[in-house]
Amino acid sequence: MTMKTISIINLKGGVAKTISSINIAYTLVKVHGKRVLLIDNDKQGNTSKFFGLHSYDDKSLADLLTDRNCSIESVIKPTAYEGLDIIPANMNLLRANKEILLDVSRPQQTRLRKALSQLNNEYDYCIIDNAPDVNMTVINALVASDDVLVPIKVDKFAFDGLELLVEQIEDVKEFNENIAFKGCFVTMFQKNGVNVQGCEYLFSSTSYPLFHTVIRKTVKVDETTFVGKPLLDYKKSTAGQDYEKLVKEYLQMC
């Protein structure tokens, strides 16, 4: 099969976007035996830091998008987990966004897709952890993506920015007509009145597609950021089980 590329994105911060990207990617590797490339597309570089691969000495996503002589193989780094590799990011993405806009000598929106097309069936999936932003590197990610998944947190502002994101997905269809908004999934769910009623409201009233699986809040998620281990490789947890269910629901949908 050809590699399927999935963008994890929300224009709001604090919705467990990076944790979701990491654990969806690792679940595909550990449970489903897939080969996965994880792309850190956020200048904060938290996905890169999680795996101990944040650096300014090595090439990163910024180089891949701005240096026409940079090969994709030169920016891919192996993680400690067999079957899971990463393209790291750092603050150089700020510079990259400006450089892409200023460089009109070659296409601006399709650079990441072109780079990924050079991989010869080395991966089954590519998961992109996107910044909560609409900039050139995020547009490149959407143009390169088959599917879009949106983590949301249950509160009054759960869908803030989603209309803009859906507009952006529609806009990139000029370059990528097959991109599909697969749906939102609830993260950091707690079994209290606000969350339960909030979920019921979201499932009954929204026009946006929603996954049935919700990701429960657990302190083990925070612990994994300190030890640098995905949930399924750390301790048994409700959130780890939930990400397994979410990936299963996604795969069945596909």
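Further up the page is the structure itself.
Small disclaimer: the values here were computed from a predicted structure and weren't measured.

Asker: Would you explain the overall build of the chain in this entry?
Answerer: Check the secondary structure of the chain and you find 10 helices and seven strands. Relative to its length of 254 residues, the chain is compact, with a C-alpha radius of gyration of 17 Å against a globular reference of 18 Å. Judged by the C-alpha coordinates and their principal axes, the chain covers about 55 × 35 × 35 Å. Counting the 254 residues in the chain, one finds 54% classified as buried. With the model as given, the accessible surface of the chain reaches about 11,800 Å², and the carbon-plus-sulfur share is 49%. The averaged location of the 32 negative side-chain charges in the chain is 4 Å from the averaged location of its 30 positive side-chain charges.

Asker: I tried to follow the side chain of N97 on my own but got confused; where do I start?
Answerer: Position of N97 among the secondary structure elements: in helix α4 (residues 92-102). Excluding residues within four positions of it along the chain, N97 makes contact with N135, M136 and T137.

Asker: Help me out: how do you make sense of helix α9 (residues 219-227) in this one?
Answerer: One turn of an α-helix holds 3.6 residues; hence residues three or four places apart share an orientation. For α9, the N-terminal cap is T218; the gap from its side-chain oxygen to the backbone nitrogen of K220 is 3.1 Å. Looking one or two residues past α9, G228 carries a phi angle of roughly 65°, positive in sign.

Asker: Quick question: what am I supposed to make of the nonpolar core here?
Answerer: Formed by 52 residues in total, the largest nonpolar core has its most connected members in L37, I39, I72, I87, L112, L116 and C184. Looking at this core element by element, the count peaks at seven residues for helix α6 (residues 136-144). When neighbours within four sequence positions are excluded, L116 is seen to be in contact with M3, T5, L37, I39, I72, C126 and A144. Formed by 30 residues, the second largest nonpolar core is a distinct cluster that contains Y26, Y81, V221 and Y243.

Asker: Would you explain the pairing of strand β7 (residues 180-187) in this entry?
Answerer: Working note: regular strand, side chains alternate between the two faces of the sheet. Among the eight residues that make up β7, six are buried, leaving the element largely enclosed by the rest of the structure. Bridge count for strand β6 (residues 147-153) against β7 is seven bridges, and the pairing is parallel. Pairing of D147 across the sheet is with A180, part of β7. Read as a crossover between parallel neighbours, the route from β6 over helix α7 (residues 162-172) to β7 is right-handed.

Asker: For this particular structure, what's the right way to read the pattern of salt bridges?
Answerer: Proximity of charged atoms lets side chains of opposite charge pair with each other. With the rule as written, the count across this model stands at 10 salt bridges. In this structure, the salt-bridge partner of D147 is K4, at a minimum N-O distance of 3.6 Å. On the criterion of sequence distance, the pair formed by D147 in strand β6 and K4 in strand β1 (residues 4-8) is long-range, its members being 143 residues apart. Judged by its relative accessible area of 23%, K4 falls in the partly exposed class. A salt bridge links K173 to E170, with the shortest nitrogen-to-oxygen separation between them at 3.2 Å. A residue is classified by how much of its surface remains accessible, and K173, at 32% relative accessible area, is partly exposed. Its relative accessible area of 45% is what places E170 among the partly exposed residues.

Asker: Quick question: what am I supposed to make of the sheet that holds strand β5 (residues 125-130) here?
Answerer: For sheets, the rule is that strands pair by backbone hydrogen bonds, running either parallel or antiparallel. Pairing is mixed in the open sheet, where seven strands are placed in the order β3-β4-β2-β5-β1-β6-β7. On the outer flanks of this sheet lie β3 (77-78) and β7, each paired with one strand and no other. As judged from the four bridges shared by strand β2 (residues 36-41) and strand β4 (residues 84-87), these two strands associate in the parallel manner. Residue pairing across strands places L37 opposite D85, the latter belonging to β4.

Asker: What is the right way to look at the pairing of β1 in this model?
Answerer: The buried count for β1 comes to four of five residues, which makes it a mostly enclosed element. Judged from the five bridges that link them, β1 and β5 form a sheet pairing that is parallel. Looking at the pairing, T5 lines up with C126 of β5. Two elements, β1 and β6, share three bridges in a ladder whose sense is parallel. The residue of β6 that forms the bridge with S7 is V148.

Reading the values: rules and limits
- Residues numbered from 1 in each chain as written.
- Predicted model: local features only at pLDDT ≥ 70, side-chain atom pairs only at ≥ 80, totals over all residues.
- Heavy atoms only, no water.
- Helix = DSSP H or I, 4+ residues; strand = E, 2+ residues; numbered from the N terminus.
- Rg over C-alpha atoms; globule rule 2.2 N^0.38 Å.
- Buried < 20%, exposed > 50% of the residue type's maximum accessible area, 1.4 Å probe, protein only.
- Areas by Shrake-Rupley, 256 points an atom, 1.4 Å probe, with all protein chains shown as cover.
- Lys, Arg positive; Asp, Glu negative; His and termini not counted.
- Charge placed at Lys NZ, Arg CZ, Asp CG, Glu CD.
- Contact = heavy atoms within 4.5 Å.
- Polar contact = N/O pair within 3.5 Å; in protein donor to acceptor, adjacent residues only side chain to side chain.
- Core = buried A, V, L, I, M, F, W, Y, C linked by side-chain atoms within 4.5 Å.
- Pairing = 2+ DSSP bridges.
- Right-handed = clockwise from strand over helix to strand, strands pointing away.
- Salt bridge = Lys/Arg side-chain N within 4 Å of Asp/Glu carboxyl O.

Interpretation note: all reported values are geometric properties and have no functional meaning in isolation.
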